[in-house]
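Structure assessment
Given next are the chains, with one letter for each unit.
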Number of protein chains: 2
Amino acid sequence: MASGKQTYMDSIELKEQYRQALLGDVVPFWIDNSLDKELGGYFTCLDRSGKVYDTDKFVWLQCRQVWLFSILYNEVEQREEWLDVAQLGAAFLEKHGRDRQGNWYFALTQEGKPLVQPYNIFSDCFAAMAFAQLGKASGNSAYDHIARQTFSNILTRRDNPKGIYNKSYPGTRPMKGFALPMILSNLVLEVAHLVEPSQVDTVIDYATHEVMEVFHRKEMGLILENVALDGSKMDTFDGRLVSPGHGLESMWFLMDIGARRSDQELMHKSVDIALALLEYGWDDTHGGLFYFLDCKNVPLDRLDWDQKLWWVHQEAILAMLKGYMYTKNQRCWDWFEKLHGYAWSHFPDAQYGEWYGYLNRRGEVLLDLKGGKWKGCFHTPRFLFQGWRTLERITQSNPASV
Amino acid sequence: MASGKQTYMDSIELKEQYRQALLGDVVPFWIDNSLDKELGGYFTCLDRSGKVYDTDKFVWLQCRQVWLFSILYNEVEQREEWLDVAQLGAAFLEKHGRDRQGNWYFALTQEGKPLVQPYNIFSDCFAAMAFAQLGKASGNSAYDHIARQTFSNILTRRDNPKGIYNKSYPGTRPMKGFALPMILSNLVLEVAHLVEPSQVDTVIDYATHEVMEVFHRKEMGLILENVALDGSKMDTFDGRLVSPGHGLESMWFLMDIGARRSDQELMHKSVDIALALLEYGWDDTHGGLFYFLDCKNVPLDRLDWDQKLWWVHQEAILAMLKGYMYTKNQRCWDWFEKLHGYAWSHFPDAQYGEWYGYLNRRGEVLLDLKGGKWKGCFHTPRFLFQGWRTLERITQSNPASV
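First, a word on what this report is: a plain description of the structure on this page. (Residues numbered from 1 in each chain as written. Chains lettered and ligands numbered in written order. Predicted model: local features only at pLDDT ≥ 70, side-chain atom pairs only at ≥ 80, totals over all residues. Heavy atoms only, no water.)

Describing the state of the cysteines
Summed over all chains, the structure comprises zero disulfides over all chains. For Cys-63 of chain B, which is in no disulfide, the shortest distance to another cysteine sulfur is to Cys-125 of chain B and amounts to 10 Å. The exposure class assigned to Cys-63 of chain B is buried, which follows from its relative accessible area of 0%. The thiol of Cys-295 of chain B is not disulfide-bonded; the next cysteine sulfur, from Cys-45 of chain A, is found 15 Å away. (Disulfide = S-S within 2.5 Å. Buried < 20%, exposed > 50% of the residue type's maximum accessible area, 1.4 Å probe, protein only.)

Thoughts on the sheet that holds strand E13 (residues 358-359) of chain A
Here we have three strands laid out as an open sheet, ordered E12-E13-E14 (chain A), and antiparallel in their pairing. A single partner strand is all that each edge strand has here, and the edge strands are strand E12 (308-309) and strand E14 (365-367) of chain A. (Pairing = 2+ DSSP bridges. Helix = DSSP H or I, 4+ residues; strand = E, 2+ residues; numbered from the N terminus.)

Side note on the side chain of Asp-283 of chain A
Residues and elements named next belong to chain A. Mapping Asp-283 onto the fold places it in the loop between helix H10 (264-281) and strand E11 (293-294). A polar side-chain atom of Asp-283 sits 3.3 Å from the main-chain amide nitrogen of His-286. With sequence-adjacent residues up to four places away left out, Asp-283 is seen in contact with Gly-288, Phe-290, Lys-308 and Arg-361. (Polar contact = N/O pair within 3.5 Å; in protein donor to acceptor, adjacent residues only side chain to side chain. Contact = heavy atoms within 4.5 Å.)

Looking at the nonpolar core
Counting 296 residues, the largest nonpolar core has Phe-69, Leu-187 and Met-320 of chain A together with Tyr-18, Phe-69, Leu-187 and Met-320 of chain B as its most contacted members. Among all residues touching Met-320 of chain B, those that are not within four sequence positions of it are Ala-274, Leu-275, Leu-278, Cys-332, Trp-335, Phe-336 and Leu-339 of chain B. (Core = buried A, V, L, I, M, F, W, Y, C linked by side-chain atoms within 4.5 Å.)

Notes on the sheet that holds strand E14 (residues 365-367) of chain B
Read from one edge of the open sheet, three strands run E12-E13-E14 (chain B), paired in antiparallel fashion. The sheet is open, and its two borders are formed by strand E12 (308-309) and E14 of chain B, each paired with just one other strand.

Notes on the interface of chain A and chain B
At the junction of the two partners, chain A supplies 45 residues and chain B supplies 45 residues. Considering only the side of chain A, the residues that lose the most area to chain B are Lys-167, Tyr-169 and Leu-303 of chain A, jointly responsible for 18% of the buried surface there. The partner of Asp-56 of chain A in a salt bridge is Arg-173 of chain B, with the nearest N and O atoms 2.7 Å apart. On the surface where chain A and chain B come into contact, there are 20 residue pairs in polar contact (both at pLDDT 80 or more). Sorting the residues of the side of chain A that touches chain B by element identifies strand E2 (52-54), strand E5 (114-116), helix H8 (237-240) and E14 of chain A as the ones contributing at least two each. Take the side of chain A that touches chain B: its biggest share by element is three residues, from E5 of chain A. Of the residues assigned to the side of chain A that touches chain B, the class counts are 23 nonpolar, seven polar and 15 charged. (Buried area = accessible area lost by both parts, 1.4 Å probe. Salt bridge = Lys/Arg side-chain N within 4 Å of Asp/Glu carboxyl O. Nonpolar A, V, L, I, M, F, W, Y, C, P; charged D, E, K, R; others polar.)

Here is the structure:
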């Protein structure tokens, strides 16, 4: 077990490791390989070496990259290069990203023609985040306007996010998903400067309640991916599904809300749930966290359930670092060390840079892409940025206690 | 290399192995565990031991089981028990399976309420097959009528099988999938006794042309899962996708068409393509056939690409057995032996019976279900039945040549 002093000493080295990986490896990888200087926007399908292997543009990944370079500009350093990268994506999205009702498409061709309809509200969620951050970075109020309009549209679509693309027969088994309240709990803080304070509070209350009281199930100590519309459990494939990584990501969102509201109860509850999810999701045989589990331990309908995904481990590390920073719970630091050890020895690619995304259960590389349809310039750099800053705050607060 | 005599001797033992596994293991497993005697239809979500772990009813799997018990009745033995099993599913489907336009839902609740809309035309394809076989078995012309109507509906929906549930933006990248012409090449023979002979020929011509001249690409020696509507290749995730198992299954459908039409050229071409697909799809490191590959060998968007699925291996074995039966090509027998060895040493569950469906790349069990949302009472018993009968014909034809 790490003593207070060791934690302090480690964390100085660790914060440098996170900062260096962000600014010396991952950010340059995306700047070097992903910019479509000819047609605008970004290539996200990059092979192991960074070479583009597919030119389609997935709107949510475009948005995530705009957000990432905007937040680097806002919170690390006002480098013009970073603002230019963000604006390269934003201009493309502004021109091609939405249908006439302001819904964001799921995918576009390289030149920006709509390819896949706005069936997925997560394009909209990341568009609101992107344009809100870029509005701050650029001072351009047109971006604020897009963010505000998109956020309002998300709240309107909240009860039927898939709209006409919903394949469920109406009324037979009404249900709701964890992803939207979870994302809202983070998104609302991202757009807080653009909307009425009372609306911010309403959305935080809603998201916190849904996550902690509806999707988190006290009796199991787990967070479910789907529940019935009335909040009850469903003994179905959807209703039994647990995604430990999703739950862990949401717990650090809620810790940040706990900090914002000085809500110690919410903070400690979030830490406890995160620790329980780690105990539940850890693979004792091969190490790492499972992608999906079934809460009744019956067979899943997901063939990828046992795989080890980059973002799951990154979000778990952030949950533990933030948990430690906010509460000094030693179990958080111990879990951080275990997760950090697994992640840094399995995911980074020492030869070509950036992180692999998809490992099999044994931790061997399953797909050696650096980006694709579901992996872009988002989780890894956000993790390194958040990890760096959290470790910095830990080193700043620790000396007094040594 | 097997001599003609060895082949003959082996095939007598082998046909007994296939027959015994069908009638002594797999068929009893489904009779014992899958019948919903209370509400009708079948449970298909059966765990390793056969216990029901989910009660939803997936229409295409319901249809496949009706078909299976009907063909056993029609072609193995007229056991009343088998006809009763088929009718248990058919009565449920007849009552609950369709919307007002006669489209077949994708999923129903245990009691038959519609759960998932008819977004997937494969429900309809297997409904047509099921009711056509059961019409033969029962002599009930109402079943023939359902089969005929459904078949006609499939041909109408052929150009836009997903209908309003299609998420592609119209016009940007019009494309078509391999699955429908492939299934039609088999389905048309199943319903041949119910439709005009000229229509049978038209559909066979269409399906054969699409499979052999459009989806099969001479320059690569592969079958693509998706091509542009004009038949050109697409350098996109969909356009690069290859499913060796799908291709191999379609090749034995086309061998059967070649036999029906005494078309030696089609027969030999089908055998050659099947052999090329095996060379391409075989995993030299761990054995078995990959589930998906990318024809340009760039990263796929499928996390399950390297898994070893039961049906892929079963369809490959049938392609080789039929290829050998029809052409006596020794490469078919050699590949049959290799595939048979892999499949029988990895998939059957010696303890609880039936076959596992999902193995990881190393051939270890990934999900120990015997049935779920995508695996039911279909591929394994069809494979054992077809394998038995094909081996029987091989043993009958071989003595003369020894």
